[in-house]
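Spelled out from the first residue to the last, the chains are:
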Amino acid sequence: MSSKINLFICMFILHLLAAHSVKIGIYELKKGDFSVKITNYGATIISVLLPDKNGNIDDVVLGYDTIEEYLNGTSYFGALVGRVANRIGGAQFTLNGTLYKLVPNEGKNMLHGGPKGFSKVVWKVSKYVKGGPCPYITLTYFSPDGDQGFPGAVLASVTYALKDPYKLSVVFKGKALNKATPINLSHHPYWNIGGHNSGDILSNVIQIFGSHITLVDKELIPTGKIAPVKNTPYDFLKPRKVGSRIDKLQNGYDINYVLDGTEKMKPVGIVYDKKSGRVMDVKASAPGVQFYTSNWDKTIKGKGGFVYQSHAALALETLVFPDAVNHPNFPSTIVKPGERYVHKVLYTFSIKKY
């Protein structure tokens with residue numbers, strides 16, 4: 001039997017498995033007073049519990065109390081996003097001479113993989129170790145050829161693991177099974193390291209290790225131009241409060257930074273909350289990071305009935321640049337059959353007591 005036939009048999013079996021209902025559950029990873037809860041619906045982080053400088057434990061990500069709220073939510077709280085994270089202009093792209101029309105879900109554009117992207121499906125729990133020296137969970141999802149308009153079948157996975165001391169490792173993987181296709185996985189925790197119910201993040205001090213941004217149009221689609229941040233409100237090369245120049249922008253921050261590092265795991269950003277003393281240091285293998293300051297124009301009822309206002313949290317979504325499929329000067333998101341896509345992120349949490 002040829003390897004090509006074997007491949008399609010494998011894809012068919014995976015599709016049958018994916019088609020059967022998989023139960024939605026909540027899974028905890030725990031290491032001392034550091035714990036993370038994840039649901040296999042959207043491979044979503046639903047809580048991250050950490051001590052502050054006084055030993056008080058707080059949940060530092062926004063979210064909901066029930067799975068039903070995640071099913072009906074539109075804010076991507078904690079979710080894994082794909083097959084292509086962020087925006088694709090006009091919900092279309094051309095690959096190898098073929099125009100692919102995708103399913104739009106933000107006006108005429110596609111956001112975070114479409115109306116039924118990876119954040120809106122149930123993932124299979126393939127491995128789960130709750131405790132021990134390195135608690136971890138691996139979730140997998142089979143995306144068939146034509147899913148949301150994308151070419152080719154993809155097998156995706158994510159592994160969340162707790163490591164010493166107070167480190168959360170996230171490893172995204174994807175494999176194109178039969179056709180070249182874009183893969184650009186990320187996830188969307190809304191961080192408020194002062195505590196999810198502590199108010200806005202405008203007094204948080206942030207440093208972002210990107211000296212350039214990808215300019216966007218009024219629909220937040222990249223124009224293809226890359227510009228320096230120096231002498232603009234986007235300059236966080238030195239630590240500054242999130243809100244120090246936010247009034248210079250129409251709504252807030254929602255922009256992709258071109259990361260400066262060349263290391264395999266390059267510095268992304270550092271966030272510090274003075275009141276709690278918590279520090280979050282982010283490193284990743286991706287070339288960019290979308291900095292978003294929760295610029296919604298409505299209130300959202302979250303955990304414990306707390307109402308999240310605008311700028312209630314920030315997101316640092318590491319990824320290949322948005323709309324890369326339509327900009328040859330951007331790093332490529334195209335993965336060919338048999339190739340593997342890997343994207344690693346490491347969050348290190350610590351405390352300043354002064």
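Residues numbered from 1 in each chain as written. Predicted model: local features only at pLDDT ≥ 70, side-chain atom pairs only at ≥ 80, totals over all residues. Heavy atoms only, no water.

Overview of the sheet that holds strand β4 (residues 57-59)
Put simply, the test is: In short, DSSP must find at least two bridges between two strands for them to pair. Counting from the N terminus, the helices are DSSP H or I runs at least four residues long and the strands are E runs at least two residues long. A fitted line through C-alpha atoms represents every axis, and for helices the fit uses only the stretch in contact; the resulting angles, taken between N-to-C directions, go from 0 to 180 degrees.
With antiparallel pairing, the four strands of this open sheet are ordered in space as β1-β2-β3-β4. Pairing within the sheet leaves two strands with one partner each, and these edge strands are β1 (26-31) and β4. Across the sheet, the mean angle from the axis of one strand to that of its neighbour is 15°, orientation sign disregarded. As paired elements, strand β2 (residues 34-39) and strand β3 (residues 44-51) share five bridges and run antiparallel to each other. Looking across to β3, one finds that Lys37 is bridged to Ser47.

Some points on the nonpolar core
We apply this condition: As used in this record, nonpolar core signifies buried Ala, Val, Leu, Ile, Met, Phe, Trp, Tyr and Cys residues forming a set joined through side-chain atoms within 4.5 Å. Here the term buried applies to any residue with accessible area under 20% of the maximum for its type, exposed to any over 50%, and partly exposed to those in between, with areas from a 1.4 Å probe on protein chains only.
Trp123, Tyr160, Tyr257 and Phe291 are the most contacted members of the largest nonpolar core, which has 58 residues in total. Among the elements that make up this core, the one with the highest residue count is strand β12 (residues 154-163) (five residues). One finds Tyr64, Tyr308, Ala312 and Ala315 within the second-largest nonpolar core, a separate group that totals 14 residues.

What to know about the UniProt feature "binding site: beta-D-galactose" (unreviewed entry) in the protein chain
To keep it simple, the criterion reads: UniProt positions are given in the numbering used here, feature names are shortened, and annotations may be inferred rather than shown by experiment. Polar contact criterion, stated in full: a pair of N or O atoms within 3.5 Å, where within protein one must be able to donate a hydrogen and the other to accept it, and residues adjacent in sequence count only if both atoms are side-chain atoms. When checking whether two residues touch, look at their non-hydrogen atoms; a contact exists if any pair is within 4.5 Å.
Residues given the UniProt feature "binding site: beta-D-galactose" (unreviewed entry) here are Asn86, Arg87, His188, Pro189, Tyr190 and Asp254. Among the structural elements, Arg87 can be located in strand β6 (residues 87-88). For Arg87, a relative accessible area of 7% translates into the label buried. Only 2.7 Å separates the side chain of Arg87 from the side chain of Glu106, close enough to count as a polar contact. Within the secondary structure, Pro189 is located in the loop between β15 (186-187) and β16 (205-208). According to the relative accessible area criterion, Pro189 is buried, its value standing at 3%. Not counting chain neighbours up to four residues away, the residues in contact with Pro189 comprise Ile45, Val61, Gly78, Leu314, Ala315 and Tyr347.

Brief notes about the sheet that holds β12
In spatial order, the strands read β10-β11-β12-β13-β28-β22-β21-β16-β19; together these nine strands make up an open sheet with antiparallel pairing. At either end of the open sheet lies a strand with only one pairing partner, and these are β10 (124-129) and β19 (240-241). By the bridge criterion, five bridges tie β10 to strand β11 (residues 136-143) in an arrangement that is antiparallel. Within β11, the residue paired with Lys124 across the bridge is Thr140.

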